[in-house]
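Structural description and commentary
One letter stands for each residue in the lines below.
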Amino acid sequence: MYKFFENIKLAVKAIWGKKIRSFLTMLGVIIGVFSIVLLIGIGQGVKSEVTSQVESLGSNIIMVLPGAGAMTSGAMGAGSSFSMEDLDTIKKVNDIKFVVPMAVIPLPVSVTEPVAPSADSTSSEEIPAGSDLKNLMAQAQQQVMAIGSTQDLETAFEGSEISSGKSYGRMFTAEEFARGAQLISLQSGAVAQLFPDTSAADVIDRKIFIGKEPFTIIGAQEVKKSKSIMEDSSMTNMAFIPLTAAQELTGKLSITQIVVTVKEPDKVQTVQNDIRKALLESHDGVEDFTITNQEEILSMFDQILGVLTTMLGGIAAISLLVGGIGVMNIMLVSVSERTREIGLRKAIGASGSDILIQFLVESVFLTFLGGAIGIGLAYIGGSILDAQFGLVVDITLGSILLAFAFTSLIGIFFGVTPAVRAARLDPIDALKYE
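Calculation criteria
- Residues numbered from 1 in each chain as written.
- Predicted model: local features only at pLDDT ≥ 70, side-chain atom pairs only at ≥ 80, totals over all residues.
- Heavy atoms only, no water.
- Phe/Tyr/Trp six-rings, centres within 6.5 Å; stacked < 30°, edge-to-face > 60°.
- Helix = DSSP H or I, 4+ residues; strand = E, 2+ residues; numbered from the N terminus.
- Buried < 20%, exposed > 50% of the residue type's maximum accessible area, 1.4 Å probe, protein only.
- Axes fitted to C-alpha atoms, helices over the stretch in contact; angles between N-to-C directions.
- Parallel < 35°, antiparallel > 145°, perpendicular 65-115°, else oblique.
- Left-handed = near helix turned anticlockwise from the far one by under 90°.
- Contact = heavy atoms within 4.5 Å.
- Nonpolar A, V, L, I, M, F, W, Y, C, P; charged D, E, K, R; others polar.

**A look at the packing of aromatic side chains**
Tallied over the full model, the rule gives two aromatic pairs. Ring geometry for Phe-368 against Phe-404: centres 4.8 Å apart, planes inclined by 25°, an arrangement best described as stacked. One end of the pair, Phe-368, is in helix 13 (residues 352-389); the other, Phe-404, is in helix 14 (residues 397-423), with 36 residues separating them in the sequence. Classification of Phe-368 as partly exposed rests on a relative accessible area of 38%. Looking at Phe-404, the relative accessible area reads 22%, which means it is partly exposed. A centroid spacing of 5.0 Å and a plane angle of 85° characterise the contact between Phe-413 and Phe-414, whose relative ring orientation is edge-to-face. Overall, Phe-413 belongs to the exposed group, its relative accessible area being 58%. Phe-414 sits in the buried class, given a relative accessible area of 7%.

**Digging into the environment of Asp-266**
Turning to its location among the elements, Asp-266 is positioned in the loop between strand 10 (257-262) and helix 10 (268-282). When its relative accessible area of 65% is taken as the criterion, Asp-266 is described as exposed. Residues Asp-266 and Ser-59, spaced 207 residues apart in sequence, show a C-alpha to C-alpha distance of 8.9 Å.

**Overview of the packing of helix 11 (residues 294-337) against helix 14**
In contact at an axis separation of 9 Å, helix 11 and helix 14 are set at 25° when each is read in the N-to-C sense. Of the possible angle classes, the one that applies to helix 11 and helix 14 is roughly parallel. Considering how the two elements wind past one another, helix 11 and helix 14 form a crossing that is right-handed. On helix 14, the residues that touch Ala-317, Leu-320, Leu-321, Gly-324, Ile-325, Met-328, Met-331, Leu-332, Val-335 and Ser-336 of helix 11 are Phe-406, Thr-407, Ile-410, Phe-414, Thr-417, Pro-418, Arg-421 and Ala-422. In terms of residue class, the contact of helix 11 with helix 14 is built from 13 nonpolar, four polar and one charged.

Next up, the structure:
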């Protein structure tokens, strides 16, 4: 044990004696560990936020989308839609509490009245590519998405956390839905986009425009002061109007998503299978739709984020490998510089294993210290990303232990060759070395 601590003392003395060279040697390790820990932390943070966002919808929610493979092939409702007959088919399935249709409206949402398309041209695809209106619509739809739905929307998500702040006003009623009232309810992201620096309570009863048609705001969610990337995403930039009003506005009814609330969470899979069978029967056996639930969505995100995190971690590990090579190079130089010292130690009784351990400890100490600095910098970098960009970096104990274990192995692996070379030096030849 005494020899072990003596070797550590010698290693610290040797490193401190060449401070600048030692720091430059550790720099590759510092950058490698910093990159690995930070990138893994970013991956874990994004995964946690996505998981929280999906779970906030509720464990009894089923999403039905038009088009096979809709979850991986593009945006909601791209290129296809459901009909009212599909809605009625799903409503007949047992153990369903709510069936809520959602129809994306391809018109801009704005506070001031925009230049509207002609009466026979309500679709963005029918507008000339170079027109200012098409650009306006594209910009507006990136900010706020108008969606037609039913009065059951709010109740269907009761108990979930789809809103980020306190709600003001109300959702439209069944009577208002039946007569196609031009009323609108805004999520927090939509309030922030349309009325920046304005309280949700102050936007109630104001008018906004979808295309050229005015809609009165009857409900709004307060904007939560958060820098979270999920809170700032398009998931909260939605504005809801009666589906009947949406049909009058666009001249057609295109249901781009159906949200199904199951009565009991443990029956989600059974209900999902029953919906698939019912739709297959009504679609003549053609599965031109996608049905998914919370567990499947989370599994898909886990796979995608897992692959991305592994790839980024692998790329960062290359810099750590380069840092290890740098450590080996400097240790070989150190052996050459200290040849007479090695010969002297052997002459007064030090064994080859003592010399081996001395240089191996020095190599491991260099990489270990570099790893500790890298982890510290990763914490600082994570705090900056969180404070400035709302990007949560989840640096776990597991990633820290992995980084330390990896750097120790790097130190041992790349320190063995210089240490063995030092241990094999003949003391007489070493003493004669100039």
